[in-house]
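Inside the fold
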Amino acid sequence: MTQAARNIRSTEAGFETGAGAETGAETGAETGAEVEARAEVEARAEATTEVAPANANASATGTASATATPPPTATPITRPRRTVGPAVRPGATLAVTSAATAVALMNYTAPMLTLPGMTASFHTALSAQAWLLNGAPLGLAALLLIAGSLADDHGRRRAFLAGTLALGITMGLGALAPTTPTFTLARVAQGMASAAILASSLGLLVAAFPAGSARIRATGVWGAFVSGGIALGPLLAGSLATLNWRLIYGVLAVPALITAGFALRTLTESRAPRGGRPDVSAAFTLSLAFTALIGALTLGRDGWLRPGVLVLLAAAAVLTAVFVLVERRATSPMIDLALFRRAEFLASSAGALFTGLAVIGFFSYLPALLSRSLGTSPMNAAWLFVLWSGSAFVVALQARRLASRVAARHQLAIGFVLHAAGVLAMLGALTSGPLPRLIPGLLLAGIGSGLLNAALPRLAVESVPAERAAMGSGANNTARYIGSSAGVALTIAVAPAGPNTVLVLSAALAALAAALTVMLRSRARPGLSG
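Rules of the game
- Residues numbered from 1 in each chain as written.
- Predicted model: local features only at pLDDT ≥ 70, side-chain atom pairs only at ≥ 80, totals over all residues.
- Heavy atoms only, no water.
- Helix = DSSP H or I, 4+ residues; strand = E, 2+ residues; numbered from the N terminus.
- Buried < 20%, exposed > 50% of the residue type's maximum accessible area, 1.4 Å probe, protein only.
- Contact = heavy atoms within 4.5 Å.
- Areas by Shrake-Rupley, 256 points an atom, 1.4 Å probe, with all protein chains shown as cover.
- Phe/Tyr/Trp six-rings, centres within 6.5 Å; stacked < 30°, edge-to-face > 60°.
- Core = buried A, V, L, I, M, F, W, Y, C linked by side-chain atoms within 4.5 Å.
- Salt bridge = Lys/Arg side-chain N within 4 Å of Asp/Glu carboxyl O.
- Polar contact = N/O pair within 3.5 Å; in protein donor to acceptor, adjacent residues only side chain to side chain.
- Axes fitted to C-alpha atoms, helices over the stretch in contact; angles between N-to-C directions.
- Parallel < 35°, antiparallel > 145°, perpendicular 65-115°, else oblique.
- pLDDT = per-residue confidence, 0-100.
- Patch = residues over 30% accessible without salt bridge, like charges linked within 9 Å, V, L, I, M, F, W, Y side chains within 5 Å.
- Left-handed = near helix turned anticlockwise from the far one by under 90°.
- Nonpolar A, V, L, I, M, F, W, Y, C, P; charged D, E, K, R; others polar.
- Expected span 1.5 Å × (residues − 1).

Some details on the overall build of the chain
The number of helices and strands found in the chain is 19 helices and two strands. Of all 530 residues assigned to the chain, the portion counted as buried reaches 51%. Once local pairs closer than 6 in sequence are excluded, the contacts in the chain between residues at least 24 apart make up 84%. Surface accessibility of the chain: about 22,800 Å² in total, with carbon and sulfur atoms responsible for 67%.

Written out as structure tokens, the structure is:
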């Protein structure tokens, strides 16, 4: 990332030096009266482009002879047009968006190790504990697609700034929350703020980096910071939870606000307005549909056939159907439904969904499995978590080297296969130990997750038109976090059967995902046009 930034800066410096030399040569060829006259005209009109013939300059100064002979050719003197806001700085854009993404993911994973302290502090009933974990996924799923569409239409920088500021403020409120409902509301708001960050980040990167190797590298780095945030969140939470579980949310609020300050100074606004009024009815309908779905997945942990769960599932299905009808009639739809005929978009969405189901769902519950089966302390669980997510971080950074040789959807399939192999390698270790037996499986699963985290953002922006990059990111991450909520629910549902059952479930879902991503292209190809 640092080398890329240096290359970009050196290129810009070379451009500016060359432009300065050319202007200097032109100025040296002019008379002193011409230079003085042009300076006076520019001071009055602040013109960005002017043509300065010799006779006009002579008239302005009053010192040239009436018979002065004009030069054979009047050369236009062009100066750079002023722009509003900072110039595009790809290196800084990548650094700021990656940092904010890491903070958002640290906040997302923190409750994995702060849950015991929270439930003791709030005296939370067992039936309500799931809401402490699913507050952020609810906010993410409800707003991600909407945030991406709004960012494309009304400004990705604006959405990113709003998200980072809101994340810092709501994390501070979460640290001060006195009850389970207030903390859950704070987590929902944190999820919504994270949605604005995640959806707008890839749109900003697409605007800053040209298509090709530079953009592949940038999305790979961004994907690596997803893994980095997942790794650091539990580690920081585990270390601070021994003092007070509230500290993690107060501490994370600071870098979120600092990142907002850097974003204000370094990011350049980009948008792709389609015209027309915002699709408010579709946004409202989709938010309600996702809210009902996440609510059903959360409550379903205590029984899938309860009336409340069935009502929420039915409501989610009906609202989704209404959303499709609204989008078909909209002049400026929030999401182009024709994208679902694209093989790449289907592979991106399916890959994200199964990443949530098979990978995030399992690893979100792994600390609880370690504590329950082996009596592992929160800090030891956090270090084991780092083995997985840390290896994912390293692999995602290096995955750009595969871009010219491996298609993104094939990279997804390989990632899912490696995750399945790593999870199966842990069979038996969660019941009898010892802990070192988990290390090979965690590293292998981490390599698979790194490939997934590098391929998903790449496929998210490649599967949609460039001007809809933030919407593509929103759709991809929506599928991921809906999948994670369903994955956690499935994991908890089968956990009473034993840790090995949980491992087999995760491996089976990953194997299904690998097969599906390979098959999607041949199945979707007949429906493609253009």
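A look at the packing of aromatic side chains
Under the defined criterion, the tally for this structure stands at twelve aromatic pairs. Judged by centre distance (5.3 Å) and plane angle (75°), the ring pair of Phe-122 and Trp-245 falls under edge-to-face. With a gap of 123 residues between them, Phe-122 in helix α5 (residues 111–122) and Trp-245 in the loop between α9 (213–241) and α10 (247–266) connect regions that are remote in the sequence. The exposure class of Trp-245 is buried, given its relative accessible area of 6%. Between Phe-340 and Phe-345, the ring centres sit 5.1 Å apart and the planes meet at 90°, which makes this aromatic pair edge-to-face. In this structure an aromatic cluster arises from ring pairing among Phe-122, Phe-183, Trp-245 and Tyr-249.

Let's talk about the nonpolar core
Grouped together as the largest cluster of nonpolar side chains are 90 residues, with contacts concentrated most on Ile-335, Phe-362, Phe-363, Trp-388, Leu-438 and Leu-442. The element best represented in this core is helix α13 (residues 343–374), accounting for 15 residues. The contacts of Trp-388, once residues within four sequence positions are left out, are Ile-230, Val-359, Phe-363, Leu-442, Ala-445, Gly-446 and Ser-449. Membership of the second largest hydrophobic core comes to 34 residues, among which are Met-118, Ala-175, Ala-193 and Trp-245.

Considering the side chain of Thr-259
Assignment of secondary structure puts Thr-259 in helix α10. Among the residues examined, Thr-259 registers a relative accessible area of 9% and is labelled buried. Residues within four places of Thr-259 in sequence aside, it is in contact with Val-96, Ala-99 and Ala-100.

As for the pattern of salt bridges
A full pass over the atoms with the stated rule returns two salt bridges. A salt bridge links Asp-152 to Arg-156, with the nearest nitrogen and oxygen atoms 2.9 Å apart. The class of Asp-152 is buried, set by a relative accessible area of 0%. Judged by relative accessible area, Arg-156 falls into the buried class, the value being 4%. Residue Arg-458 is joined to Glu-462 by a salt bridge in which the shortest nitrogen-to-oxygen separation is 3.5 Å. On the criterion of helical spacing, the pair formed by Arg-458 and Glu-462 is a turn pair, its members being four residues apart in helix α17 (residues 439–462). The exposure class of Arg-458 is buried, given its relative accessible area of 8%. Taking relative accessible area as the criterion, Glu-462 reaches 43% and is therefore assigned partly exposed.

Re the environment of Asp-152
Mapped onto the fold, Asp-152 is located in helix α6 (residues 129–154). Expressed as a C-alpha distance, the spacing of Asp-152 and Ala-469, which sit 317 residues apart in the sequence, is 7.4 Å. Separated by 2.9 Å, the side chains of Asp-152 and Arg-156 make a polar contact.

Thoughts on the packing of α9 against helix α14 (residues 378–398)
Look at α9 against α14: their axes get within 8 Å of each other, and the N-to-C directions meet at 170°. Considering their axes alone, α9 and α14 lie roughly antiparallel with respect to each other.

Here we look at the confidence of the model for the chain
Low-pLDDT portions of the prediction should not be read for the details of their coordinates. Of the residues in the chain, 80% reach a pLDDT of 70 or more, and the chain-wide mean stands at 78. Summarising per-element confidence for the chain, the mean pLDDT is lowest in strand β1 (residues 49–51) (38) and highest in helix α7 (residues 156–176) (94). Predicted confidence for residues 1–85 stays below pLDDT 50, and this span has 51 contacts to residues more than four positions away or in other chains. Low pLDDT (under 50) marks residues 522–530, which in the prediction has seven contacts with non-local residues, meaning those over four places away or in another chain.

Focus: a nonpolar patch on the surface
On the surface, a nonpolar cluster with roughly 370 Å² of combined accessible area is contributed by Leu-165, Ile-169, Leu-173 and Leu-257. Locating Leu-165 in the fold gives a position in helix α7.

Considerations on unusual backbone geometry
We note that His-123 has phi near 55°; this positive angle belongs to a residue other than glycine. Mapping His-123 onto the fold places it in the loop between α5 and α6. On the accessibility criterion, His-123 (70% relative accessible area) is exposed.

A few points about the side chain of Thr-119
Tracing the sequence through the fold places Thr-119 in helix α5. In contact with Thr-119, other than residues within four places in its own chain, are Thr-124, Gln-129 and Leu-132.

Comments concerning the packing of helix α4 (residues 90–109) against α10
Look at α4 against α10: their axes get within 10 Å of each other, and the N-to-C directions meet at 160°. Taken as axis vectors, α4 and α10 run roughly antiparallel relative to one another. Judged by the sense of rotation from one axis to the other, the crossing of α4 with α10 is left-handed. For the pair α4 and α10, the contacting residues are Ala-92, Val-96, Ala-99, Ala-100, Val-103, Met-106 and Asn-107 in the first and Tyr-249, Leu-252, Pro-255, Ala-256, Thr-259, Phe-262, Ala-263 and Thr-266 in the second. Residues that form the contact of α4 with α10 fall into these classes: twelve nonpolar, three polar and no charged.

Comments concerning the environment of Gln-190
As for its position among the elements, Gln-190 is in helix α8 (residues 180–208). Judged by its relative accessible area of 0%, Gln-190 is buried. Once the C-alpha coordinates of Gln-190 and Leu-138 are considered, the two residues, 52 residues apart in sequence, prove to be 9.8 Å apart. Excluding residues within four positions of it along the chain, Gln-190 makes contact with Asn-107, Leu-167, Thr-170, Met-171 and Gly-174.

A closer look at α6
Across its 26 residues, α6 extends 37 Å between first and last C-alpha, which sits within 8% of the 38 Å expected from 1.5 Å per residue. In terms of burial, α6 is a largely internal element, 20 of the 26 residues being buried. Looking one or two residues beyond α6, the residue adopting positive phi is Gly-155, at roughly 125°.

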